[in-house]
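Inside the fold
Here's the letter readout for the chains.
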Amino acid sequence: MSSRQEEKAARKAEREAQEAQAAKAAATSKRIQLVFGVVLVIAILGGAGALIASSGGGGESTGTVEEGGIDAKVAIPPVKITELAPAAKAAGCVLSSPEIEGSNHVTGEVTYKTNPPTSGDHNEIPATDGIYAAGNEPAKENYVHSLEHGRIEIQYPPGTPVKTVNQLETLGSEELNGSDAYHVLVFQNNTGMKPKVAAAAWGQLLACPAMNDQVFDAIRAFRKDYTDKGPELVP
């Protein structure tokens with residue numbers, strides 16, 4: 001009798017020891033998971049903080065442009081003058097309405113009388129709307145076709161400071177007719193133009209001999225007046 005009781009007590013003690021060891025192992029595992037979770041949260045928060053810091057904040061009219069493979073936001077002066085003639089005068093820009101030089105589809109190179117071109121025979125494929133990296137601009141025969149479709153083209157000569165290029169790209173990305181970058185192309189000029197910045201439409205030209213803060217309003221007003229005013233309206 002005594003032997004059975006001792007055996008029963010021994011089994012109970014062994015079972016309790018096993019349960020205590022299992023509980024200890026579970027507690028250790030829980031602590032490890034907790035530490036790992038804290039480290040993971042810290043890493044995530046640190047990465048998010050770095051992302052927020054690199055993205056910058058709000059401000060004046062901004063647009064996203066590519067600079068060295070990194071998206072950058074640049075500010076440009078807000079609107080002050082909304083009418084084209086006074087805006088162009090304030091900026092020192094020249095408005096003109098060059099003679100229409102033709103509108104046939106051709107192959108090969110075309111020589112245009114205006115610089116940058118504002119009309120003339122052109123390639124049958126129009127240049128796509130958008131912002132072009134310097135050195136990747138469309139051929140003049142293609143972007144003249146885009147003018148016929150009512151597009152506005154903002155151009156700057158080679159050697160233009162990066163800041164100015166970014167600002168012009170931001171300007172081109174502004175909303176018009178309910179859409180950002182509506183029916184506009186922004187690119188580096190490839191015809192040897194003399195102006196420091198120019199905006200062209202079919203049969204219309206805004207030529208600015210110097211870049212200044214008033215130029216932004218002049219181009220804004222030019223876009224407002226001449227977008228979708230080409231002889232062929234293509235969405």
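Quick caveat: nothing in here was measured; it's all calculated off a predicted structure. (Residues numbered from 1 in each chain as written. Predicted model: local features only at pLDDT ≥ 70, side-chain atom pairs only at ≥ 80, totals over all residues. Heavy atoms only, no water.)

1. Looking at the sheet that holds strand E9 (residues 197-201)
If you walk across this open sheet you meet the six strands as E3-E10-E9-E5-E8-E4, and the pairing is mixed. Each of the sheet's edge strands pairs with one partner strand only, and the pair in question is strand E3 (94-96) and strand E4 (130-131). In terms of strand pairing, E3 meets strand E10 (residues 204-208) through three bridges, oriented antiparallel. Within E10, the residue paired with Leu 95 across the bridge is Leu 206. (Pairing = 2+ DSSP bridges. Helix = DSSP H or I, 4+ residues; strand = E, 2+ residues; numbered from the N terminus.)

2. Focus on unusual backbone geometry
With an omega of 5°, the peptide bond between Asn 115 and Pro 116 qualifies as cis. Position of Pro 116 among the secondary structure elements: in the loop between E3 and E4. Not every positive phi belongs to a glycine, and Asn 177 is a case in point at roughly 55°. Position of Asn 177 among the secondary structure elements: in the loop between strand E6 (175-176) and strand E7 (179-180). Given a relative accessible area of 53%, Asn 177 falls into the exposed group. Positioned with a positive phi, Asp 228 is a non-glycine residue whose angle comes to about 65°. Residue placement: Asp 228 occurs in the segment after helix H5 (214-226). (Buried < 20%, exposed > 50% of the residue type's maximum accessible area, 1.4 Å probe, protein only.)

3. Observations concerning the environment of Lys 113
Within the secondary structure layout, Lys 113 lies in the loop between E3 and E4. Among the residues examined, Lys 113 registers a relative accessible area of 75% and is labelled exposed. Taking the C-alpha atoms as reference, Lys 113 lies 7.8 Å from Glu 101; in sequence the two are twelve residues apart.

4. Some words on the packing of helix H4 (residues 162-172) against H5
Direction vectors running N to C along H4 and H5 enclose 30°, while the axes themselves pass 11 Å from each other. Considering the angle they form, H4 stands roughly parallel to H5. By crossing handedness, the relation of H4 to H5 is classed as right-handed. Across the interface between the two elements, Gln 167, Leu 168, Leu 171 and Gly 172 from H4 touch Phe 216, Ile 219, Arg 220 and Arg 223 from H5. (Axes fitted to C-alpha atoms, helices over the stretch in contact; angles between N-to-C directions. Parallel < 35°, antiparallel > 145°, perpendicular 65-115°, else oblique. Left-handed = near helix turned anticlockwise from the far one by under 90°. Contact = heavy atoms within 4.5 Å.)

5. Section: the packing of aromatic side chains
Enumeration over the complete set of coordinates arrives at three aromatic pairs. A centroid spacing of 4.6 Å and a plane angle of 40° characterise the contact between Tyr 143 and Phe 187, whose relative ring orientation is tilted. With Tyr 143 in helix H3 (residues 140-148) and Phe 187 in strand E8 (residues 184-188), the pair connects residues that are 44 residues apart, well separated along the chain. For Phe 187, a relative accessible area of 0% corresponds to the buried category. Taken together, the ring pairs in this structure connect Tyr 132, Tyr 143 and Phe 187 into an aromatic cluster. (Phe/Tyr/Trp six-rings, centres within 6.5 Å; stacked < 30°, edge-to-face > 60°.)

6. A word on the confidence of the model for the chain
A low pLDDT means the predicted coordinates there should not be read in detail. For the chain, the average pLDDT comes to 81, and 69% of its residues sit at 70 or higher. Note that pLDDT drops below 50 for residues 25-71; the model gives that stretch 30 contacts with residues more than four away or on any other chain. (pLDDT = per-residue confidence, 0-100.)

7. Observations concerning the pairing of E9
Along E9, five of the five residues are buried, which leaves the element largely enclosed by surrounding structure. Because side chains alternate across E9, one face comprises the buried residues Val 197, Ala 199 and Ala 201, and the other comprises Ala 198 and Ala 200, equally buried. Pairing of strand E5 (residues 152-156) with E9 involves three bridges; the strand directions are antiparallel. Counterpart to Ile 154 in the pairing with E9 is Ala 199.

8. As for the state of the cysteines
A covalent bond between the sulfur atoms of two cysteines is referred to as a disulfide. Going through the model one piece at a time under the given rule, you end up with one disulfide. Each sulfur in the disulfide pair Cys 93 and Cys 208 lies 2.0 Å from the other. On the S-S bond that ties Cys 93 to Cys 208, the torsion sits near 105°, and the link is right-handed. Linking Cys 93 in the loop between helix H2 (84-91) and E3 with Cys 208 in strand E10, this pair joins segments that are 115 residues apart in sequence. This pair shows no difference in class: Cys 93 is buried, exactly as Cys 208 is. (Disulfide = S-S within 2.5 Å.)

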